[in-house]
Amino acid sequence: MRSLRPFRRESRRQVVGDLLLWVALCVMIGAMGPDPFVDPVAFCLVTVSRWVLAAAAVLVGRRRPLVALVLLLPLGPWRFTEGFATVDLSWLLPRRNVKILPLLPTSPFIAWYAYLTGRRLTKVWPPAAAYCLISLVGVGVVLYMGGDLALWVSMVTALIGTYLVPYLFGVLRRRLLQQRRQTRLAAEAQARLRERARIARDMHDSLGHDLALIAVRAAGLELAPGLAPEQVRAAGELRTAAADATERLRQIIGLLREDSDAPPLSPVDEEVSELVRRAADSGMSISLDVAPGPVSGLARAVVQEGLTNAAKHAPGAAVEVAVSPRRIRVRNGPPRSRPTARSGGMGLAGLRERVRLAGGTLDAGPVGDGFELAVSLPEPTP
């Protein structure tokens, strides 16, 4: 079955196309051959045999254009009576009318298969070997016809115009398509990476926030009265484990700076209120002030980052959250217990990049005896 692969056609359209190609090629071959009414014997010996050769070339030409090119070698431009142009080389040769790029009715078909060879064949040595064979045939034809210098000019231009130039056009087309495909694949890969980065960043923010709340609850248990020493120790271990898990999460996911799209506009009341409610349920002391109006979708990320940092680095501190269309602020007071989390800065650096892409600015640093995270944004567009 594998040996029949060059003869297979993928659709009826290809079958009809190759059939029409063979019919057109047969018409051109018939125009080149002897008249069947004047010399039927010569017609059968020459034209019919060429029709069979053309049929074989069309059968294999779709998948093996180089084989078709070699099969059509007897139909090549070896008659130097008609050409693309006629020049006067009397200053160099005894003959005036020298044919440049000799043409036959079958020349366009040969040029087509030469183009397909360059378009589909990636290896260089098979076309080079075939071109050497074709050149030897051309040399033999010129020597058989007397070896006139004018014939050499015609033969060389025939090789260049009928075989070499179409092949080079095919190579150029193949490389352009490869470059276009590589560009498309690179764009798709970049889009996938950006989407993965967005998902990983959201995982980092959400899980880091949840782990920080777990640490806050564990810290509250440590200070709760009436617990046995082993229970206090277990609560401390839980708080330390949550801090270590947050650090490992930061190291695994890392800094994800890519953000393909600007943050969308969305109402923040429900999202921010839910964040604040969960943090308050974990034992944090929080006050929330939300101004009316549309606010960038970054508000949730800013508030989440501020609450996470306050929970990790200022346990027990009072936190103020203020959200407005142009400014988002999270401020915490001094910690009431010793923080156990290590300062990584990855979440804050990633948030800074997201704010920059949204056209805003981020300020974070000590304020009085506490810490403040403030983000200023441009006027939101509806």
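Below you will find a few notes about this structure. Just so we're clear, the structure is a prediction, and the values are computed from it rather than from any experiment.

## Description of the pattern of salt bridges
Right, so step 1: Under the counting rule described, the total for this entry stands at 3 salt bridges.
Right, so step 2: A salt bridge links Asp-18 to Arg-62; the nearest nitrogen and oxygen atoms lie 2.8 Å apart. Taken as a pair, Asp-18 in helix 1 (residues 12-32) and Arg-62 in the loop between helix 2 (40-61) and helix 3 (65-71) lie far apart in primary sequence, 44 residues in all.
Right, so step 3: Using a relative accessible area of 10% as the deciding quantity, one classes Asp-18 as buried.
Right, so step 4: Residue Arg-62 is classed as partly exposed on the basis of its relative accessible area of 25%.
Right, so step 5: Where Glu-320 meets Arg-329, a salt bridge forms, and the shortest distance between an N and an O atom there is 3.7 Å.

## Some details on the sheet that holds strand 7 (residues 327-332)
Right, so step 1: Pairing within the open sheet is mixed, and its 5 strands lie in the order 4-6-7-9-8. Only two strands of the sheet have a single neighbouring strand rather than two, namely strand 4 (285-290) and strand 8 (361-367). With strand direction ignored, the average angle separating the axes of adjacent strands in the sheet is 10°.
Right, so step 2: In the sheet, strand 6 (residues 318-323) pairs with strand 7 via 5 bridges, with the strands oriented antiparallel. Paired with Val-319 across the bridge in strand 7 is Asn-332.
Right, so step 3: Relative to strand 7, helix 9 (residues 298-313) is tilted by about 10°, and along the sheet it contacts strand 4, strand 6, strand 7 and strand 9 (370-376).

## A closer look at the packing of aromatic side chains
Right, so step 1: Counting across every chain of the model gives 1 aromatic pair.
Right, so step 2: For the pair Trp-112 and Tyr-115, a centre-to-centre distance of 5.7 Å together with 25° between the ring planes defines the contact as stacked. Here the residue Trp-112 and the residue Tyr-115 both occupy positions in helix 4 (residues 107-120), the gap between them amounting to 3 residues, near one helical turn.
Right, so step 3: When its relative accessible area of 22% is taken as the criterion, Tyr-115 is described as partly exposed.

## Considerations on unusual backbone geometry
Apart from glycine, the bulk of residues carry a negative phi angle, and the bulk of peptide bonds sit in the trans form.
Right, so step 1: One non-glycine residue, Leu-101, lies in the positive phi region at around 55°.
Right, so step 2: Its location among the elements puts Leu-101 in strand 2 (residues 97-102).

## Quick word on helix 4
Right, so step 1: Taking 1.5 Å of rise per residue, 14 residues should cover 20 Å, and helix 4 covers 20 Å from first to last C-alpha, within 8% of that figure.
Right, so step 2: Taken together, the buried positions of helix 4 are occupied by Ser-107, Phe-109, Ile-110, Tyr-113, Ala-114, Leu-116, Thr-117 and Gly-118.

## Focus: the pairing of strand 9
Right, so step 1: Across the 7 residues of strand 9, 5 count as buried, placing the element largely inside the fold.
Right, so step 2: Pairing of strand 7 with strand 9, which is carried by 6 bridges, proceeds in the antiparallel orientation. Bridged to Val-330 within strand 9 is Leu-373.
Right, so step 3: With 7 bridges connecting them, strand 8 and strand 9 associate as antiparallel partners. By the bridge assignment for strand 9, Asp-363 is matched with Ala-374.

How each quantity is defined
- Residues numbered from 1 in each chain as written.
- Predicted model: local features only at pLDDT ≥ 70, side-chain atom pairs only at ≥ 80, totals over all residues.
- Heavy atoms only, no water.
- Salt bridge = Lys/Arg side-chain N within 4 Å of Asp/Glu carboxyl O.
- Helix = DSSP H or I, 4+ residues; strand = E, 2+ residues; numbered from the N terminus.
- Buried < 20%, exposed > 50% of the residue type's maximum accessible area, 1.4 Å probe, protein only.
- Pairing = 2+ DSSP bridges.
- Axes fitted to C-alpha atoms, helices over the stretch in contact; angles between N-to-C directions.
- Contact = heavy atoms within 4.5 Å.
- Phe/Tyr/Trp six-rings, centres within 6.5 Å; stacked < 30°, edge-to-face > 60°.
- Expected span 1.5 Å × (residues − 1).

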